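# Remarks on the overall topology
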Amino acid sequence: MTAIGEIALFTSDVERTAAFYRDLTGAPPVADWPGGALFALGSGRLLVPERAATMDDGPPNEDHFAISVDAFDEACAKLVAHGSALLLEPRDYAWGRSAYLRDPDGRLVELSES
């Protein structure tokens, strides 16, 4: 199955941004912590993390969406075969297995394993 798994919107004011999305969705975050909040949106998630420096060898800390796929390694290989360049090769993170690339207009896209 392929689905939008997550939308990440980085912010300098987590409290203000989380309050906006709480009011918009009518639901509180399912998780929050100093520097972030997570909302459940149907089968997907809205992540509101604090804008910070990118981790060493980590994905860019910028707004993006994640597409979850079952055949993760095959999907990555197909994208590369069709000319897409992966910014970060598939690897395991604390949140799961992901790869990162940019679409033709430069938007950051996370491909994640379902």
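The preceding data block contains the structure.
Summarised in this report is the structure supplied together with it. Predicted model only: the values in this text are computed from it and were never measured. By convention here, each chain's residues receive numbers from 1 onward along its written sequence. Since the coordinates come from a predicted model, pLDDT governs what is reported: local features require at least 70, and pairs of side-chain atoms require 80 or more to be given and counted, while whole-chain, interface and lining totals use all residues. Calculation of side-chain values draws on the structure's entire complement of heavy atoms; hydrogens and water are dropped beforehand.

### Concerning the layout of surface pockets
Think of a 1 Å grid over just the protein atoms. A cavity is a set of points where a 1.4 Å probe fits yet cannot get out, a pocket is an open set with protein on both sides within 12 Å along at least five of seven lines, and lining residues have an atom within 4 Å of a point. Grid points are joined across faces, edges and corners, and a volume is the space filled by probe spheres set on the points. There is about 250 Å³ of room inside the largest pocket. What lines the largest pocket is a set of 15 residues, and nearest its centre among them are Phe10, Leu47, Pro49, Asn61 and Trp95. Roughly 150 Å³ of volume is contained in the second largest pocket. Gly5, Ser43, Arg45, Ser68, Trp95, Gly96, Arg97, Ser98, Glu110, Ser112, Glu113 and Ser114 are the residues that line the second largest pocket. Among the elements of the structure, β7 (96–102) and β8 (108–113) are those that each provide at least two residues to the lining of the second largest pocket. Comment: elements are numbered from the N terminus, with helices defined as DSSP H or I runs of at least four residues and strands as E runs of at least two.

### Details of the sheet that holds strand β4 (residues 44–49)
The strand order β2-β3-β4-β1-β5-β8-β7-β6 describes an open sheet built from eight strands, whose pairing is mixed. Only two strands of the sheet have a single neighbouring strand rather than two, namely β2 (31–33) and β6 (86–93). In this sheet, neighbouring strand axes are inclined to one another by 20° on average, regardless of whether the strands run parallel or antiparallel. When DSSP finds two or more bridges between two strands, those strands count as paired. Pairing between β7 and β8: five bridges, direction antiparallel. Of the residues in β8, the one forming a bridge with Ala99 is Leu111. An axis is simply a line fitted to the C-alpha atoms; with a helix, the fit covers only the stretch in contact. Between two such axes, the angle follows the N-to-C directions and lies from 0 to 180 degrees.

### A word on helix α1 (residues 14–25)
The span you would expect from a helix comes to 1.5 Å times its residue count less one. In this model, α1 (twelve residues) spans 16 Å end to end at C-alpha, consistent with the 16 Å of a helix rising 1.5 Å per residue. Buried within α1 we find Val14, Thr17, Ala18 and Tyr21. Relative to the axis of α1, the buried residues are bounded by an arc of 100° and lie together on one face. In α1, those exposed residues whose orientation departs by more than 90 degrees from the buried face are Glu15, Arg16 and Asp23. In the core, the buried residues of α1 are packed alongside β3 (36–41) and β4. Relative accessibility decides the category of a residue: with a 1.4 Å probe and only protein chains considered, values under 20% of the type maximum give buried, values over 50% give exposed, and everything between is partly exposed. The directions considered for the arc are those from the helix axis to the C-beta atoms. Contacts are assigned to residue pairs that have any heavy atoms within 4.5 Å of one another.

### Here's the deal with the side chain of Ser112
Take Ser112: it is sitting in strand β8. Residue classification places Ser112 among the buried positions, given a relative accessible area of 9%. If near-sequence neighbours (up to four positions away) are discounted, Ser112 is found in contact with Ala66, Ile67, Ser68, Val69, Phe72, Arg97 and Ser98.

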